[in-house]
Structure formats: structure tokens, C-alpha cells
Amino acid sequence: MITDSTAAGPVFDHLHRLTDGRGAEIVYDNVGEKTWDETLRSVGKGGRVIVVGATTGGFPPADLQRVFVRQISIFGSTTGNMREYRDLIRVAAQGQLTPVIDSVYAMDDYPKALARLEAAEQF
């Protein structure tokens with residue numbers, strides 16, 4: 001069912017509360033298979049999905065009825081080209097990037113680290 005949210009997850013629920021049930025105008029998805037259903041549920045009528053990766057797999061189930069009934073546009077983007085990627089690798093290899101490290105945990109403290117991620121408390 002197109003409007004059924006019974007199988008929706010926390011992102012969908014939060015987003016639909018924030019938008020009074022309209023959904024997002026644009027959803028960026030870099031995860032792929034694992035989040036695809038929630039991605040399609042989260043985008044509003046006439047909205048766009050920008051696919052920038054597929055870290056959990058590139059063959060998600062497609063709810064085609066949701067796509068055409070809600071008039072969802074799906075776009076793919078690499079967010080860069082090979083020259084830019086090579087430049088990035090060169091700069092990283094030269095040590096010119098300074099990563100921002102939010103927190104450091106000992107391996108035994110992984111439950112605390114996961115709880116921090118789940119609560120969206122990380123930088």
C-alpha cells in the first residue's frame with residue numbers, strides 16, 4: 001500500500017512528523033539495498049531521490065507503484081569525476097588532509113560507540 005507506514009523505520013517516522021506527512025523533497029541515498037524501501041517511503045510526491053552510492057548492495061527491491069504514483073524522480077550521481085578522485089587520493093597520500101575525529105573508543109567499549117551513533121550524537 002502506497003501510504004502504509006507500518007513497515008517504516010525511524011527515519012521515515014521522524015521525517016513525516018517534521019513535514020506533516022508530506023515527505024522530503026530530496027533524499028540522498030548512499031546506502032542502497034538496506035535503506036532503499038525507507039528511502040522511497042521518505043520522499044514526498046514529486047520528490048527526488050539522488051543515489052550517490054550503494055554500500056549495502058546495488059540491487060534493492062523497487063516499489064515501482066510508489067515511484068509512479070508519487071511521481072518520484074531517481075537520479076544517480078558520482079559527486080565527482082576520476083580527475084577529482086585522483087586529486088583527492090594524491091592530497092591524502094601527501095598527508096594534506098586532517099580528519100576530524102569525534103571520539104575514540106577502546107574495542108571493549110564498542111557498545112558505547114554504537115549507542116552514540118544510534119543516538120546521532122557524533123559530529
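What counts and what doesn't
Residues numbered from 1 in each chain as written. Predicted model: local features only at pLDDT ≥ 70, side-chain atom pairs only at ≥ 80, totals over all residues. Heavy atoms only, no water. Pairing = 2+ DSSP bridges. Helix = DSSP H or I, 4+ residues; strand = E, 2+ residues; numbered from the N terminus. Axes fitted to C-alpha atoms, helices over the stretch in contact; angles between N-to-C directions.

A.B. asks: What is the right way to read the sheet that holds strand β1 (residues 24-29) from this model?
C.D. replies: Two modes of strand pairing occur in sheets, parallel and antiparallel, and in both the strands are linked by backbone hydrogen bonds. Ordered in space as β1-β2-β3, the three strands form an open sheet in which the pairing is parallel. The open sheet has two edge strands with one neighbour each: β1 and β3 (73-76). The mean inter-strand angle of the sheet, taken between neighbouring strand axes irrespective of direction, is 20°. Across five bridges, the pairing between β1 and strand β2 (residues 43-51) is parallel. Of the residues in β2, the one forming a bridge with D29 is V51.

A.B. asks: When you look at the pairing of β3 in this model, what are you seeing that I'm missing?
C.D. replies: Along any regular strand, the residues point their side chains to alternate faces of the sheet. Bridge analysis of β2 against β3 gives four bridges, and the strand direction is parallel. Across the sheet, the residue bridging to V49 is I74, located in β3.

A.B. asks: What is the right way to read the environment of T19 from this model?
C.D. replies: As for its placement among the helices and strands, T19 is situated in the loop between α1 (10-18) and β1. Separated by 40 residues in the primary sequence, T19 and F59 have C-alpha atoms spaced 29 Å apart.

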